[in-house]
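Here is how the chains run, residue by residue.
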Amino acid sequence: MANSFENYQRRKLISSYFSVVLSIALVLFLLGILGLLVLNTKKMADRSKEQITISVFLKDNTKEIEIEQLQKTLAMSEYTKSSIYVSKEEAAKQHSEEIGEDFVDYLGYNPLKNSIDVKLNADFVTAEKVEEIAATLSEKGFVDEVSYDKVLVSMVAKSVETIGFWILVASAIFTFIAVLLINSSIRLSIYSKRFIIKTMQMVGATKTFIRKPFILQNIKLGMIGAAIALLAISGVVYYVNTNFQDLGLFDEPYILVILFVSVFLLGILISFISTYFATQRFLNLRTDELYY
């Protein structure tokens, strides 16, 4: 009879621990994925911005030395990500390939101009800054025209701001929900031991002495849950990087290190705080209130 009861208690204890570990692992996994998205949002936004091109069209009488000087100026400018010189012959060839016929033979001359295609650093891709850069380049006497997609620049900038804002809002909401879920699981596991807590308190044990084993135990469970979550996150990162290499998840490994360390520490921190306040609640209850 005694053995059956002990086995029942052991199974109940294991089930309680498993529930806590599973809750922590699932919540930290979701937070980790969200954190991965947050940390890579700027990178993905920057890549989108850096695809925008400013085309600087040159007059036909532009000298080679003027072209070289402009290229050097662009190369030294802080707003330049890259710049490529495109001759009118190269532009005509590319355009002919796109439309499927040689328009130069049809027209009898090449109406295109030599140009320099400039891609900007992401920090300079705003409507105001791009307009300012275009105006500066237009002031040069040998520049015929500076062209870029104004609508696309404004749309990309606004989209990035909107997406960034809602990702932060979602992160805050999910973090709050995560704390509540983990806290509920830990409180339920401690609830089953409320009579033990009160008995220890009645025989003279201090609150710190009573809390200590519960905190240590749940920190261990938090570490196990965090380890499981990190394994799952690693699998997701490997899968995404293998199938979507353009995202470059491993280009900046320190981001992943920050994410993994943060998830692990978050598991420990939430476990500690939840256990502390859960045990404190039962320590402050009167004996007759333990039955409710």
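Looking up the protein chain in an unreviewed UniProt entry gives the name Cell division protein FtsX, with the organism given as Maribacter orientalis. Quoted verbatim from the Function (unreviewed entry) field of UniProt, the annotation for the protein chain is "Required for cell division and gliding motility."

**Let's talk about the packing of aromatic side chains**
The final tally for this structure, using the stated rule, is three aromatic pairs. On the numbers, 6.3 Å between centres and 70° between planes, the contact of Tyr-79 with Phe-124 is edge-to-face. One end of the pair, Tyr-79, is in the loop between helix H2 (64-76) and strand S2 (80-86); the other, Phe-124, is in the loop between strand S3 (115-120) and helix H5 (127-138), with 45 residues separating them in the sequence. Taking the ring centre of Phe-124 as reference, the NZ or CZ of Lys-129 above it sits at 5.2 Å.

**A word on the pattern of salt bridges**
Considering all chains together, one arrives at two salt bridges under this definition. The partner of Glu-50 in a salt bridge is Lys-81, and the shortest N-O contact between them spans 3.9 Å. Highlighted residues: Glu-50 in the loop between helix H1 (2-49) and strand S1 (53-58) and Lys-81 in strand S2, separated in sequence by 31 residues. One salt bridge in this structure joins Glu-131 and Lys-150, with 3.8 Å as the shortest N-O distance.

The rules behind each value
- All residue numbers refer to positions counted from 1 along the written sequence of the respective chain.
- Totals for whole chains, interfaces and linings use every residue, but because this is a predicted model, local features are given only for residues with pLDDT of at least 70 and side-chain atom pairs only at 80 or more, for both listing and counting.
- Each side-chain value is derived from all of the structure's non-hydrogen atoms; neither hydrogens nor water enter the calculation.
- UniProt positions are given in the numbering used here, feature names are shortened, and annotations may be inferred rather than shown by experiment.
- Two aromatic rings, drawn from Phe, Tyr or Trp (for Trp, its six-membered ring), form a pair once their centres lie within 6.5 Å of each other, and the interplanar angle then sorts them: stacked below 30 degrees, edge-to-face above 60, tilted otherwise.
- A run of H or I in DSSP becomes a helix once it reaches four residues, and a run of E becomes a strand once it reaches two; helices and strands are each numbered from the N terminus.
- Sitting over a ring, as applied to charges here, requires NZ of Lys or CZ of Arg to be within 6 Å of the ring centre and within 35 degrees of the ring normal.
- Here a salt bridge means any side-chain nitrogen of Lys or Arg lying within 4 Å of a carboxyl oxygen belonging to Asp or Glu.

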